[in-house]
Amino acid sequence: MLSRTVSSLSRVAPQTLGAVNAASSRQYSITAPRPPTELNQKLKVTIIPGDGVGPELIYTVQDIVKQTGIPIEFEEIFLSEVHYTRSSSIENAVESIGRNNNVALKGAIEESAVLHTEGELQGLNMRLRRSLDLFANVVHIKTLDGIKTRHGKQLDFVIVREQTEGEYSSLEHELVPGVIECLKISTRTKAERIAKFAFDYATKTGRKKVTAVHKANIMKLGDGLFLRTCEGVAKQYPKIQFESMIIDNTCMQLVSKPEQFDVMVMPNLYGNIIDNLAAGLVGGAGVVPGQSVGRDFVIFEPGSRHSFQEAMGRSIANPTAMILCAANMLNHLHLDAWGNSLRQAVADVVKEGKVRTRDLGGYATTVDFADAVIDKFRI
Amino acid sequence: MFSKLPIQAVRGAASAIRTHQIPGHRLPLAKYGGRHTVCALPGDGIGPEMIAHIRNIFSFCHAPVNFEEVQVSSSLLDGDMDAAMLAIERNGVAIKGNIETKHDDPQFNSRNVELRTKLDLYANILHCVTIPTVPTRHSGIDIVLIRENTEGEYSGLEHEAVPGIVESIKIVTREKIERISRMAFEYAKANGRKKVTAVHKANIQKLGDGLFLKVVRDMSEDYKDIKFEAMIVDNASMQLVSKPQQFDVMVMPNLYGNIISNIACGLVGGPGLVSGMNLGDKYAVFETGTRNTGTSLAGKDIANPTAFIRASVDMLRYLGCHYHANIISDALWKALVEQRIHTADIGGNNSASDVINATLQNIKVLMDENPKH
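Going by what an unreviewed UniProt entry lists, chain B is known as Isocitrate dehydrogenase [NAD] subunit, mitochondrial and is assigned to Caenorhabditis elegans. UniProt annotates chain B under Subcellular location (unreviewed entry) with the comment "Mitochondrion". If you open the UniProt record of chain B and go to Sequence similarities (unreviewed entry), you find "Belongs to the isocitrate and isopropylmalate dehydrogenases family."

By the naming in UniProt, chain A goes by Probable isocitrate dehydrogenase [NAD] subunit beta, mitochondrial and is assigned to Caenorhabditis elegans. UniProt's Subunit comment on chain A is quoted here verbatim: "Heterooligomer of subunits alpha, beta, and gamma in the apparent ratio of 2:1:1." Per UniProt, the comment on chain A under Subcellular location is "Mitochondrion".

This next bit is on unusual backbone geometry. Glycine aside, residues mostly have negative phi, and peptide bonds are mostly found in the trans state. Here aspartate 133 of chain A, not a glycine, exhibits a phi torsion of approximately 55°, which is positive. For aspartate 133 of chain A, the position within the fold is in the loop between α4 (124-132) and β4 (136-142). Aspartate 133 of chain A gets classed as partly exposed once you look at its relative accessible area, which sits at 30%. In this model, histidine 62 of chain B sits at a positive phi of 60°, which is unusual for a non-glycine residue.

Turning our attention to the sheet that holds β4 of chain A. To summarise the sheet geometry, strands pair through backbone hydrogen bonds and adopt either a parallel or an antiparallel arrangement. Residues and elements named next belong to chain A. Strand order in the open sheet formed by 10 strands is β2-β1-β3-β12-β11-β4-β5-β10-β8-β9, with mixed pairing between adjacent strands. What marks the edges here is a single partner per strand, and that holds for β2 (72-76) and β9 (241-246). Pairwise comparison of adjacent strand axes, ignoring direction, gives a mean angle of 25° for this sheet. Pairing analysis gives three bridges linking strand β1 (residues 43-48) to strand β3 (residues 103-106), with the strands arranged parallel. Residue pairing for β3: threonine 46 is matched across the bridge by alanine 104. Sheet strands touched by helix α5 (residues 188-204): β4, β5 (156-162), β8 (209-214), β9, β10 (263-266) and β11 (289-293). Its angle to β5, the strand with the most contacts, is close to 160°.

Attention now goes to the UniProt feature "binding site: Mg(2+)" in chain A. Residue and element names in this part refer to chain A. The residues that UniProt annotates with the feature "binding site: Mg(2+)" are Asp248. By secondary structure assignment, the location of aspartate 248 is in helix α7 (residues 247-256). A residue is classified by how much of its surface remains accessible, and aspartate 248, at 44% relative accessible area, is partly exposed.

The next point concerns the UniProt feature "binding site: substrate" in chain A. All names here are of chain A. Here the UniProt feature "binding site: substrate" sits at Arg129, Arg161 and Asp248. A maximum C-alpha distance of 27.4 Å among these annotated residues, which run over 120 residues, shows that they spread across the structure rather than meeting at one spot. Structurally, arginine 129 can be placed in helix α4. Its relative accessible area of 10% is what places arginine 129 among the buried residues. Once you skip the residues sitting within four places of it in the chain, arginine 129 turns out to touch Leu134, Gln163 and Arg305. Within the secondary structure, arginine 161 is located in strand β5. Not counting the four nearest positions on each side in its chain, arginine 161 is found in contact with Phe135, Ala136, Asn137, Tyr168, Ile194, Met266, Pro267, Asn268, Gly271, Asn272, Asp275 and Arg305.

Turning our eyes to something else, we now look at the packing of aromatic side chains. This model, assessed by the stated rule, comprises 12 aromatic pairs over all chains. Judged by centre distance (6.0 Å) and plane angle (35°), the rings of phenylalanine 197 of chain A and tyrosine 201 of chain A are tilted. In this pair, phenylalanine 197 of chain A and tyrosine 201 of chain A both sit in helix α5, four residues apart, roughly one turn of the helix. Judged by centre distance (6.4 Å) and plane angle (40°), the rings of phenylalanine 185 of chain B and phenylalanine 228 of chain B are tilted. Of this pair, phenylalanine 185 of chain B sits in helix α4 (residues 174-190) while phenylalanine 228 of chain B sits in strand β10 (residues 227-232), and the two are 43 residues apart along the sequence. Assessed through its relative accessible area of 18%, phenylalanine 228 of chain B is described here as buried. An aromatic cluster is defined as three or more aromatic residues linked by ring pairs; in this entry it consists of Phe135, Phe197 and Tyr201 of chain A together with Tyr32 of chain B. Here the guanidinium or amino end of arginine 86 of chain A rests over the ring plane of phenylalanine 78 of chain A, the centre of that ring lying 4.6 Å away. A cation over an aromatic ring shows up here: arginine 161 of chain A above the ring of tyrosine 168 of chain A, its NZ or CZ 5.3 Å from the ring centre.

Each value, and the rule that gives it
- Residues numbered from 1 in each chain as written.
- Chains lettered and ligands numbered in written order.
- Predicted model: local features only at pLDDT ≥ 70, side-chain atom pairs only at ≥ 80, totals over all residues.
- Heavy atoms only, no water.
- UniProt positions renumbered as here; feature names shortened; annotations may be inferred.
- Helix = DSSP H or I, 4+ residues; strand = E, 2+ residues; numbered from the N terminus.
- Buried < 20%, exposed > 50% of the residue type's maximum accessible area, 1.4 Å probe, protein only.
- Pairing = 2+ DSSP bridges.
- Axes fitted to C-alpha atoms, helices over the stretch in contact; angles between N-to-C directions.
- Contact = heavy atoms within 4.5 Å.
- Phe/Tyr/Trp six-rings, centres within 6.5 Å; stacked < 30°, edge-to-face > 60°.
- Lys NZ or Arg CZ within 6 Å of the ring centre and 35° of its normal.

Written out as structure tokens, the structure reads:
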């Protein structure tokens, strides 16, 4: 790959040079064209299959990678709360991700409603997020051609959710019998961090507007802090429009005029609800990719995190979300050509509509869909 | 010293041009998922093509860096400068080509000075080291130049008191001298350097430079392992061109620093070879050592990319991406020293793209030899 690139560079360079000399002005030319980003080395990533249909979806992605020659390799870490005897430890997972370019691809881990360890109120998902400090959850809501939606509009917006504090603090106690207090914690540092992330994300992806979602009219201190912090951060980004919206109104707007949104930023619990609501707008849990981002690590996982336990082993789950996650992961690793090709292949298959899984009204299996994607893949 | 870093310094003297350890600890402002966002300001002249080369190299070796490009040039309006400033404040780190300053217009402040003062980038650090195959008058030079970057003669306070009489005000403050000398000694300590030389003109400016000299000397008491000496600026210039090997780390006020660093860059082969860091407590801007725009070379593919590549290596070191910093630095050394790919300014006849291509090839070899894990 490299030798080919370099020889082509030396061929190209003198020609470009001549062209520039001819045009006398202060124009500059980029004489060395950008080489394809991949080296011969493969990049390693960690995979965490999770529960329910997670493993099937992850193996679908592995299959596609193998068949199409995408230059990545996998290291598998099994984490599960349901099968906690087989589960690896969080520490192992963290170490593996650190070793593998700080990137993981993950299926949903089922939160068990029964407590296995006395006094441990945090689920496995949350502990993983905490130990990697994955403070931001990003879900990209985008309509795919070929999927019928109720509103029939082209949607393309991003939901950024804080996911380390707020209602998810796991601080709950029974004060006197029958009275329970759940603590919702909001801190300025974390609000600042998520707001800055949202604006940085908007800058990076060329988006125009950030909407902060809150309930500061009722929780004047807690959500008030979040709102004021967002307003403060917005001043650093004069090119991006900022607005705020109350959570109940946001829900109504989302189901009536969803096309008005661009980037949305919100605290933990609202984010959880809005994520799922918005996923429903474009075709459900099976088609929406997401990612959890921290300072040092990033985990790619479907946008609405359901393990879909009842479909386990039946090969009926829609792998679109997971494949799009993999495509996003390739972009994150700067393997843009591969990522874009994979995304295009998925888009083509969905658009054609010949291979549809049950959630989209077809009878195809997970494997059929993967095969169709492999067929369409061109690079 | 480098044993802590992922690649051992074993390949000859390639480590000579590796960027030093940068003292102090700063939290990255825009790092997500292990990737840094940095602001790229292409500037005028050869800046844009050089930034393109850097992006090329970074994407080739998978350096975990994303660029946010902001155009600033002397012809733009004030609002755009503010946009660039905000972009650096958001990301914390920038790599920049130089912006041309119009000399004749008194209304026109230098964009570069403005950037440094507004972001409070108080330390300008240059590492001048001779590269064996580059023709120079002296060999064995290895000097670190640390210059105060925000006060002194560059205060921008000039006025005509009565017609024909102009006053330029040079301002020195204890606080700013303290932090620059602290930076100098910490830098020397972090990199195992032996001596710090303070350059001054305290025999004439007894109060202004006198304060500088006193503060640096007092500071040297805290660093017993490092030898301290002082030298007057005129003598320092003479010593530099006659016996440059005697210098190790030099610490200077603003204007002297400007002159001395250009002399030192000239000694090791010219403006195309040396990179410069501008560090503050929160932000850092990386650029070439001598801050020329190279307008006459723009678009001809002949400008030496070494300085810019080294600036990008400085940036990677600052961001803590030591593996990629070392790989790129060593690949560049190999291209310059072992393969003798030289551009016209250092007596060769290769183009800038030749240097880049050779570096890319070397990066590939080095990465195969030293995989990251």
